[in-house]
Amino acid sequence: MKRKTPVSAELDASAEIKTRIPVWLYPSTLKVMDRAAETAGCKSRSEFLEKAALFYAGYISGQDAVNFLPPALAAVLRGTVQDTENRICRLLFKLAVELDMVMNVLAAGMEISEEALRNLRGRCVQNVKKTSGSVTLDKAVEYQRGGV
């Protein structure tokens, strides 16, 4: 019996022929398998065993994991990741606009030397690294007033 579709791109579907092998299973295992084959829409035990073997081989190897996820779950996960990416991009854009506005307002009202600006940038980079980005205006005001 020839395969209708290849298991992977590595296999040539036209050259592959099924091989008959003996399989020893417990009667209880056969009952479970028959119920599962009916649920999976398999026409024969052979078809079910082949699908089960390919699924388990993929599960064990961990390769092509998406092929073994239900398509609906894979689609939901892709959609969720895409929505999250879009939301983060929009928020980062808005944040960049607001930050640019604040910097322009401060630059218009402040006279700061290039050296002081360079020193401030270095201190701010260190502060952001040290706090993992959780910088607050309260801490900045405290620092500017001579606090730690």
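Owing to the predicted nature of the structure, the values given are computational and were not obtained by experimental measurement.

*Asks:* Describe the overall build of the protein, naming the residues involved and giving the relevant values.
*Replies:* Across its full length, the protein carries five helices and zero strands. Out of the 148 residues in the protein, the part that is buried amounts to 5%. Considering only residue pairs separated by 6 or more positions, the protein has 11% of its internal contacts joining residues 24 or more positions apart. Summed over its atoms, the accessible surface of the protein is roughly 13400 Å², and 62% of this surface lies on carbon and sulfur atoms.

*Asks:* Any details on the pattern of salt bridges? Residues and values, ideally.
*Replies:* Summed over all chains, the structure comprises three salt bridges. The shortest N-O distance in the salt bridge between Arg45 and Asp34 comes to 2.8 Å. Highlighted residues: Arg45 in helix 2 (residues 45-61) and Asp34 in helix 1 (residues 27-40), separated in sequence by eleven residues. For Asp34, a relative accessible area of 31% puts it in the partly exposed group. A salt bridge links Glu47 to Lys51, with the nearest nitrogen and oxygen atoms 3.5 Å apart. Of this pair, Glu47 and Lys51 both sit in helix 2, four residues apart, which is roughly one turn of the helix.

*Asks:* Please give an account of a nonpolar patch on the surface that cites residues and values.
*Replies:* On the surface, Ile21, Val23, Leu25 and Leu49 cluster together into a nonpolar patch covering about 330 Å² of accessible area. Within the element layout of this structure, Leu25 appears in the segment before helix 1. Its relative accessible area of 34% is what places Leu25 among the partly exposed residues.

*Asks:* So what about helix 4 (residues 114-130)? Which residues, and what values?
*Replies:* With 17 residues, helix 4 ought to run about 24 Å at 1.5 Å a step, and its terminal C-alpha atoms sit 24 Å apart, in line with that. Two residues or fewer after helix 4 comes Ser132, characterised by a positive phi angle close to 55°.

*Asks:* Quick rundown of the packing of helix 1 against helix 2? Include the residues and the values.
*Replies:* Following both chains from N to C, one finds helix 1 and helix 2 inclined at 90°, their axes separated by 10 Å at the closest point. On the basis of their axis angle, the class for helix 1 and helix 2 is roughly perpendicular. Across the interface between the two elements, Leu30, Met33, Asp34, Ala36 and Ala37 from helix 1 touch Arg45, Phe48 and Leu49 from helix 2. Classifying every residue of the contact of helix 1 with helix 2 gives six nonpolar, no polar and two charged.

*Asks:* Give me the lowdown on unusual backbone geometry, citing residues and values where you can.
*Replies:* Phi is positive for Ser132, close to 55°, though the residue is something other than glycine. Within the secondary structure, Ser132 sits in the loop between helix 4 and helix 5 (137-144). Under the relative-accessibility criterion, Ser132 is labelled exposed at 68%.

*Asks:* Describe the confidence of the model for the protein, listing the residues and the values that go with them.
*Replies:* In the predicted model, the protein carries a mean pLDDT of 83, and 84% of its residues have values of at least 70. Model confidence for the protein, summarised as mean pLDDT per element, is weakest for helix 5 at 81 and strongest for helix 1 at 94.

Cut-offs used in this document
- Residues numbered from 1 in each chain as written.
- Predicted model: local features only at pLDDT ≥ 70, side-chain atom pairs only at ≥ 80, totals over all residues.
- Heavy atoms only, no water.
- Helix = DSSP H or I, 4+ residues; strand = E, 2+ residues; numbered from the N terminus.
- Buried < 20%, exposed > 50% of the residue type's maximum accessible area, 1.4 Å probe, protein only.
- Contact = heavy atoms within 4.5 Å.
- Areas by Shrake-Rupley, 256 points an atom, 1.4 Å probe, with all protein chains shown as cover.
- Salt bridge = Lys/Arg side-chain N within 4 Å of Asp/Glu carboxyl O.
- Patch = residues over 30% accessible without salt bridge, like charges linked within 9 Å, V, L, I, M, F, W, Y side chains within 5 Å.
- Expected span 1.5 Å × (residues − 1).
- Axes fitted to C-alpha atoms, helices over the stretch in contact; angles between N-to-C directions.
- Parallel < 35°, antiparallel > 145°, perpendicular 65-115°, else oblique.
- Nonpolar A, V, L, I, M, F, W, Y, C, P; charged D, E, K, R; others polar.
- pLDDT = per-residue confidence, 0-100.

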